[in-house]
Every structure is written in structure tokens, then in C-alpha cells.
Amino acid sequence: MHSDTSKTSIGGIGRDRIAELRETEGAAFRKARPQSQARAGNGLPGFFGGVPMHWMNDWPTPFPILVDSAKGATITDIDGIRLDDFCLGDTGSMFGHSPPPVARAIRRQAGRGLTYMLPSEDALAIGPLLQQRFGLPFWQIATTATDANRFVLRVARAITGREKILVFNGCYHGSVDETMVRLIDGKPVNRPGLAGEFRDLTRTAKVIEFNDVSALEAALRDKDVACVIAEPVLTNSCMVLADPGFHDALRKLTRQAGTLLLIDETHTISTGPGGYTRKYGLEPDFFVLGKPIAGGVPASVWGMSDDVASRYADYNRTKEPGYSGMGTTLSANPLQFAAMRATLEEVMTEGNYDRMDHLARRLDAGLTGVIDRYRLPWHVSRVGARVEFICAPGPLRNGAEAELAHAPELEAAIHVALVNRGVLIAPFHNMMLISPATSGAQVNRLITAFGAVAAKLAA
Ligand SMILES: Cc1ncc(COP(=O)(O)O)c(C=O)c1O
């Protein structure tokens, strides 16, 4: 859809102009980085595809930026170029690079053992911290949000005795196989591009559009869905906010159908210290948070309600003995606990969130001002400290609209042009995060850079 080469313009901008911008900005990027080009311009030696993790090839720059160091909301490459970082490791460093309390906790733990398969004293503090902050009584620790989601789905199926799950079109919950489905022309299919997937995933996963209450009602009617897995806002396509009343309907209908509700807050934790869940009073059966929960040290948490916990305990009493299918060896290690405790106690504070929210509003208003000034058919969407400009009119209501709004060629040209003006935003969509370390001056520079790029495109 979005790669339709018959169109002469994308997002209101002529294809020729986009191609020209990409070309000139690509050349400027190379010229500014002789060291990086010499050492990594043709790929990093020894790595398949020239990168240690294949997503690194998704950056639109001619080659990935080779980082020397990062601190706060600034990243410095090996050519000594400093960038205002609004990507922040695609949320892994949402609270800034090496937040000082986390760096101190890591240093303290470094000489005391890094993984034991036993709890540490910090673990005694973490359980109550999670209970108080997120409002659910029972928790487990994993290492990635992907794993936390996988484990929740397993528990949900175990205690409901139902095989099916339900996801929203355009979702991403990590590399959880069974969520990899899409609606294409209204028909459920395996997500295009999956490597080595022979199974028909639509056999066990239903997929409907976000904000579609009647489709939800119909999909839950047969009472065969164990769990709905949902982000409160779709953040992994162009950002789609929930309609007023959608979350109430989701909760009511899942309860009526005996279906459990997993709210995945891995990205929407940008909303506030207790996530979207606390701010908007959602009442999930399960809650998942990964990425920034330990300030950049790999860790995730999954929580469950009293009711789920007692059903799970009953299930465990009757299930045949043997491996549960959950757990990875390095999970719940003392380094994770140390970093998580510092993040929860000293970084994810009300004060920091107030600051992040204030600057995110400024960014939202500044970008909207630029879009209005150049009469671009674009809009800005935001959930707390997470801001996105979308190169199509809005607001978007579901995954299908979000897919149509995505403009990869145009977005790639803009991203490289922003890097050349000192600003890094996420390679996926046009996502920008405000951290507690982000300054007002950095936000102003981003707005100015965006204005300069918009002026070039609209000229
Ligand atoms: C909402 C959501 N859940 C889960 C994940 C998976 O996180 P991880 O890659 O750390 O497993 C992501 C990753 O982008 C995500 O956006």
C-alpha cells in the first residue's frame, strides 16, 4: 500500500523532492563521518548483514551511527558528533542514558555477583514497590517484554482452558509468535515477512481493529478466547489513541466473556509513573512492562490480579508435574533487581514525569505549529512523554488507517535530514521520547530542525 510507486506524491510532498532530499542528506551524513565510514561504512566485520542485530539495518542513515558514548539525552558518535537523542533506544532508555541512580546501583552490584538464581535483598523491596505502583498483588520477573507476554499468555490459557487469544490489527508485543497476525483487506492472515513460519497463526489468534467495539463483541461471543493482549494506545504502528469509552467497553466485554485482559504498558509507560493503567483507571488481569523498567538493563515484569493468582495456584496444584514452559536462566538476577529498584525509587518519580510531560506538550505544540505553518497534511499524536508526527491527516482510529498513514520513503528522508541537524529520532515511525534528562533547549532544537526540514520539503 504505502510503497505504491504510481503515486507522484507522498504525504503531500512530491516524490522527486523526497528523493532529492534523501540523496543530498545521505551525502552530507557520509561526509561528516569519515571515521565511522572507514570503520563501519561497509558493515561491521564478522557480523551477518554487517550489523550485530538485524534491526540496526532499519536506520535510514547510509550506515548505522557508530556510538562512542551516551549520557542523559545526548549520544556521541566516534566522529565526535553529538546528537540530541529522542529515540532513547526505542524506549529502552526512556529515562535517559545511564541515569545516575541506576549507574550507581550497577556499580554497587558489580562486585557482588551478577546472577545467582536466588533472590537478593533488593528483591525484598521490589515486590512491594511493584504492588504499590501498579496496583496488582502478584509479580514475576523476566528479561524481555517479549518473554513476559509469552508467559502471561501461557498462564491465561492454562487457567481458562481456552486456546485462542485476541490481538488488535497493527499490534506488536515483541517476537511473540502467536500475536503475529494482521488484517489485510479485512481478512486475518499471518503477518507478512515472518521468517520460517509454516503455521497458520490465525487458527489460534483472532485479530480485529482497535476501537471497534462491535467486532470485539462478535469475536468474544463464542467464549473461546483466553486473553486479549492490548496496548492501551497502539504505538507500534503510526500512533492510534483509544476512543473515549473504548477501554471501558474492552473491560466490560472481556469480563462478560470470561476472557482475561493483558495490558502491555511497555511503550505507554510514557503516560505516567503508574502507566496508562493508573492514569485512566484500567483494571487489567495482567500487566506487562519491559524495556525501561531497569533503566536500560534488560528486565521486564509481569503482574496478575488476586483472582488470576488463585486460579493459577489451583491450576498448579492439579497440573501434571514437569516444566512449565516459562523461565529463562538469567531472569530475576541481582543486577536487574539493583537497577530496577533504583529506577522505581529514584527515576520514575512524579517530579520527573511532570517535567517530561511539560516538555512533551511543548514539543507537540511546536511540531503542530510547523505543520500548520507549511500547511502540510500531517498531524501529531502523543501519549504522555511519547510524541509522534505522522505524515498523513489524523487522528487515526485503527491499524488499517495507521498502515495507510505510514510513509517510509518520506520518513526516511526526514530522519536523515534531522540527524544532519543534530537530532536523532526513532527509526520506527516518527517517534520521539522525552526523558527526565531532556532539556528545553534540546526540544527547541528539534522543533527548529523539523521546521527547517519541513521548509525544504514544502518549498
Ligand atoms: C508494546 C510492546 N510490547 C513488547 C515489546 C517487546 O519488547 P522486547 O523487544 O524488549 O522484548 C515491544 C517492543 O517494541 C513493544 O513495543
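Here, every reference points to the structure presented above.
Note that the structure is predicted; figures quoted are calculated from it, not measured. Residue positions are given per chain, counting from 1 as you read along its sequence in written order. Predicted model: local features are reported for residues with pLDDT of at least 70 only, side-chain atom pairs are reported and counted for 80 or more only, and whole-chain, interface and lining totals are derived from all residues. Where side-chain values are given, they derive from all heavy atoms of the structure, hydrogens and water being excluded.

A. Structural detail: the layout of surface pockets. Looking at the largest pocket, its volume works out to about 1500 Å³. For each structure, a 1 Å grid was placed over the protein atoms alone; sets of points admitting a 1.4 Å probe that cannot get out are labelled cavities, open sets with protein on both sides within 12 Å along at least five of seven lines are labelled pockets, and lining residues have an atom within 4 Å of a point. Along its surface, the largest pocket is lined by 49 residues, and R182, R191, P192, N236 and H429 are the ones closest to its centre. Per the convention used, a helix needs a DSSP run of H or I reaching at least four residues, while a strand needs a run of E reaching at least two, with both numbered from the N terminus. Taken together, the elements giving at least two residues each to the lining of the largest pocket come down to β8 (181-184), β16 (386-390), α12 (399-405) and α13 (408-420). In terms of residues, the lining of the largest pocket owes the most to one element, α12, which gives five residues. Under the scheme applied, nonpolar residues are Ala, Val, Leu, Ile, Met, Phe, Trp, Tyr, Cys and Pro; charged residues are Asp, Glu, Lys and Arg; polar residues are all the others, including Gly. Of the residues assigned to the lining of the largest pocket, the class counts are 20 nonpolar, 15 polar and 14 charged. Grid points are joined across faces, edges and corners, and a volume is the space filled by probe spheres set on the points. Of the pockets and cavities examined, the second largest pocket occupies roughly 1100 Å³. Lining the second largest pocket we find 41 residues, and of these M53, W55, M56, G89 and D90 sit closest to its centre. The element contributing the most residues to the lining of the second largest pocket is helix α5 (residues 145-160), with three residues. Each residue belonging to the lining of the second largest pocket can be placed in one class, and the counts come to 22 nonpolar, 14 polar and five charged.

B. Local environment of the sheet that holds strand β3 (residues 67-71). Spatially, the four strands line up as an open sheet ordered β3-β4-β5-β17, and their pairing is mixed. Two strands lie at the open edges of the sheet, namely β3 and β17 (423-424), each paired on one side alone. Bridge count between strand β5 (residues 82-85) and β17: two bridges; the pairing is parallel. In the sheet register, D84 faces β17, and the bridge partner there is V423. Two strands make a pair as long as DSSP finds a minimum of two bridges between them.

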